[in-house]
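Next come the chains, spelled out residue by residue.
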Amino acid sequence: MKVCALALGLALVLTVCVARSPFQAVLQHSRIRGRTHGPNVCAMQQIRGTSKKYFTNCKQWYHRKICGKPTVITYECCPGYEKIPGEKGCPAALPLVNIYSTLGVVGASTTQMYSDRAQLRDEIEGPGSFTFFAPSNKAWESLPTEILDALVSNVNIELLNALHYHMVNRRLTSEELKHGSTFSSMYQDAPVHIHHYSNGIVTVNCARLVKPDQHATNGIVHVVDRVITAISNNMQSIIDIDEDLETLRTAFAAAGLTTMLESEGHYTVFAPTNDAFEKIPRETLNRILGDPIALKDLLNYHILKNMHCAESIVSGTPMETLQGTMLEVGCDGDHMTLNGKAIITKTDQLATNGVIHYIGELLIPDSAKTLLELAESSSVSTATRMFVEAGLTPHLTGSEALTMLAPLNDAFKGSMTMTPSMRKLMSNHILKEQLSSKALYHGQELETLGGLKLRVFVYRKNLCIENACIAAHDKVGRYATMFTVDKVLTPPMGNIMDVLKADDRFITLVNAIQTAGMTELLNQQKVFTFFAPTDDAFNAMPQDERNRLMRDPQQLSGVLKYHLGESMLVSGGVSSHTRFQTLEGEKLELGLRNYTVYVNKIPVAEADLMATNGIIHAVNSIIRPLPPKVDREQSDGPAAPLRAIAASRGDSRGFRNDDLFQKVLNSHSSKMISQRQ
């Protein structure tokens, strides 16, 4: 089995190297997938419930989907081959006949019939070298009745002209049909437009080649899935004459984009109809139409740099717009989609310089939005409501250069009643300048509308402002920027000692700090991270051990300094195997699992209590050194049951005689003695 897989993989690699064009690469992949059924068999993918078939590429083969719809695998003769009764596969090459006869055997018998009617038969049976883009039988059936009637009512003129437009007076294989090329047709030299996409799809005037490279003695036939018509207008001309695009026409003129739509190119325009503009709130629409920069961004967001016919799309693909950002252009069955929404109402309106697809919704890029509009189009609905209720709408809809820190919905806990303190907190989520997260640096201070200074912390895998870390890419609006953050800010309200004294979980710890003579240290304007033991942590110790420790300032200082470090580490800065240097001298092992921070396998009960001179993380156990040979991969997981600091109340060894922890205490004692000397 492994040998087969390896051989197939090698064959696929060689296919890519040998293939001369994207279509040839896909065709060869189909050959490889079909060769178990005999020579010259190609695997095709057919969308269930339809007659649409595609040669299969690697991605489609494994996903078994095209345009989001399931496919079934069929096996057919590759182009140019046929079956022989009683033999496996398609061993025989199709006999070469003239183009007229070839039409009858490749599924284009209706084109053959109309060639008779238009008196084209003699030409395509006779000498020459032609390329015939022959509409399939179904393509003729799909043509509106009134158009077909008009073609056949005067067979010597209109029908002949139409068929001649499907012909080029030279032989062109699929390999020669280069992306963006044009060829003069046999109807008044009117050009036909070729696009050969990287996914192997080849189109002529946006009609897909469904059976390419059917060779004939006097040329070649490519069967296409629709009847094509001559193109004479550029995109601006099409927009000018369509009343349904009147608002768009006015907008393009106001933005100065008319010249571009008249010039040469290969653009794709997603054209919002008048109804699409009407769906936008009048205030928003007037603001954008009255702002030349926002208007130009909006219109350029509807234009792709390259031409993409509807048939070229077989899955969602990000494509760059003239505005500079990406649109995801995809498909859902027979419908093209934009950013996952089936809003395209009419496709493939061809122009000499591109293609127009009509859409029923206006696409507004972030760069044309206000802060409020940025928030409303993101997953921060709770924050948006809180900003509005806090009376901050004038800042969110104006032209101030600001940056909003918008917490995700699940960052808000409990009742979100608007109070004066909550109003103040929300104002501290808006910074007084427009920033880019890429320009932030460690230690930077950012001023808020509420008058606070927020600190920036840069970590290896995170960028945080106070306790809140950035959770998504910046959204850059017309005047302001939005940072999506993972937590509601908790700005510091005092230094570490102030925070501990204000929290009744740390009564024992505050007394211990005072006993150890560390109050002055924790009041200093340095930067500390304190894994602060709660009262529960001290109460978990045997009483005699706790009493003995609390009576010994030197030992107590060593224990507390083992929980304290001179650096700033918020929970968002912790990743697997983070090591933290303590004031005692040893290092703590930190990790993260299921959104919980662990320190030496002790879970942090509450993280990120912010202070002006550091941060506090509450722990419900005294932190002890890990065994020397501990598997550090366990440091970020649920703590294994820790051996009690004292095995029982009757254990005579107690806290001091724990070998591991005694090493820490002895080390601290030695340092103290050395300092005295």
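Residues numbered from 1 in each chain as written. Predicted model: local features only at pLDDT ≥ 70, side-chain atom pairs only at ≥ 80, totals over all residues. Heavy atoms only, no water.

- Under an unreviewed UniProt entry, the chain has the name Transforming growth factor-beta-induced protein ig-h3 and belongs to Oreochromis aureus.
- As its UniProt record puts it under Subcellular location (unreviewed entry), the chain is described as follows: "Secreted, Extracellular space, Extracellular matrix".
- Here is the UniProt Subunit (unreviewed entry) comment for the chain, exactly as written: "Binds to type I, II, and IV collagens." (UniProt positions renumbered as here; feature names shortened; annotations may be inferred.)

**Side note on the pairing of strand β33 (residues 596-599)**
Part 1: Pairing between strand β32 (residues 587-593) and β33: four bridges, direction antiparallel. When the sheet's bridge partners are listed, Leu592 is paired in β33 with Val597.
Part 2: A loop of two residues connects β32 with β33, the two strands running antiparallel in sequence, and Asn594 in this loop sits at a positive phi of about 50 degrees.
Part 3: As paired elements, β33 and strand β34 (residues 602-611) share two bridges and run antiparallel to each other. Among the inter-strand pairings, Tyr598 is bridged to a residue of β34, identified as Pro603. (Pairing = 2+ DSSP bridges. Helix = DSSP H or I, 4+ residues; strand = E, 2+ residues; numbered from the N terminus.)

**Considerations on helix α14 (residues 282-289)**
Part 1: Among the residues making up α14, those that are buried are Thr284, Leu285 and Ile288. The buried residues of α14 occupy an angular sector of 95 degrees when projected down its axis, which confines them to one face. (Buried < 20%, exposed > 50% of the residue type's maximum accessible area, 1.4 Å probe, protein only. Arc of directions from axis to C-beta.)

**Comments concerning the packing of helix α21 (residues 507-515) against helix α25 (residues 553-561)**
Part 1: Close contact between α21 and α25 brings their axes to 9 Å; oriented N to C, the two are set at 120 degrees. Classed by the angle they form, the pair α21 and α25 counts as oblique. In this structure, α21 crosses over α25, and the sense of that crossing is left-handed. Here Leu509, Ala512, Ile513 and Thr515 of α21 lie close against α25, whose contacting residues are Pro553, Leu556 and Leu560.
Part 2: For the contact of α21 with α25, a count of residues per class yields six nonpolar, one polar and no charged. (Axes fitted to C-alpha atoms, helices over the stretch in contact; angles between N-to-C directions. Parallel < 35°, antiparallel > 145°, perpendicular 65-115°, else oblique. Left-handed = near helix turned anticlockwise from the far one by under 90°. Contact = heavy atoms within 4.5 Å. Nonpolar A, V, L, I, M, F, W, Y, C, P; charged D, E, K, R; others polar.)

**Some details on the pairing of strand β29 (residues 528-533)**
Part 1: Taking burial as the measure, the six residues of β29 include six buried ones, the bulk of the element.
Part 2: With burial as the criterion, each face of β29 is covered, one bearing Phe528, Phe530 and Ala532 and the other bearing Thr529, Phe531 and Pro533.
Part 3: As paired strands, β29 and strand β35 (residues 614-619) are joined by six bridges and run parallel to one another. For Pro533, the partnering residue across the bridge sits in β35 and is Val619.
Part 4: Of the strand pairs in this sheet, β29 and strand β30 (residues 564-565) are connected by two bridges, and their pairing is antiparallel. When the bridges of β30 are listed, Phe530 appears paired with Leu564.

**Things to note about the nonpolar core**
Part 1: Core analysis: the biggest nonpolar cluster contains 50 residues, and Val204, Phe270, Val329 and Leu338 have the highest contact counts within it.
Part 2: Those residues in contact with Val329 that sit more than four places away from it in its chain are Phe270, Leu304, Ile313, Ser315, Gly316, Thr317, Met319, Met336, Thr337 and Leu338. (Core = buried A, V, L, I, M, F, W, Y, C linked by side-chain atoms within 4.5 Å.)

**Quick word on the pattern of salt bridges**
Side chains that differ in charge, positive against negative, can pair when their charged atoms come close.
Part 1: The tally for this structure, following the rule as stated, stands at 24 salt bridges.
Part 2: The salt bridge partner of Asp116 is Arg121, with a shortest N-O separation of 3.6 Å.
Part 3: A relative accessible area of 33% means that Arg121 is categorised as partly exposed.
Part 4: Members of the salt-bridge network, linked through shared partners, are Lys52, Arg208 and Glu311. (Salt bridge = Lys/Arg side-chain N within 4 Å of Asp/Glu carboxyl O.)

**Topic: the confidence of the model for the chain**
Part 1: When pLDDT is averaged along the chain, the result is 89; 90% of the residues meet or exceed 70.
Part 2: Predicted confidence is poor over residues 630-657, with pLDDT under 50, and the contacts of this stretch with residues over four places away or in other chains come to 61 contacts. (pLDDT = per-residue confidence, 0-100.)

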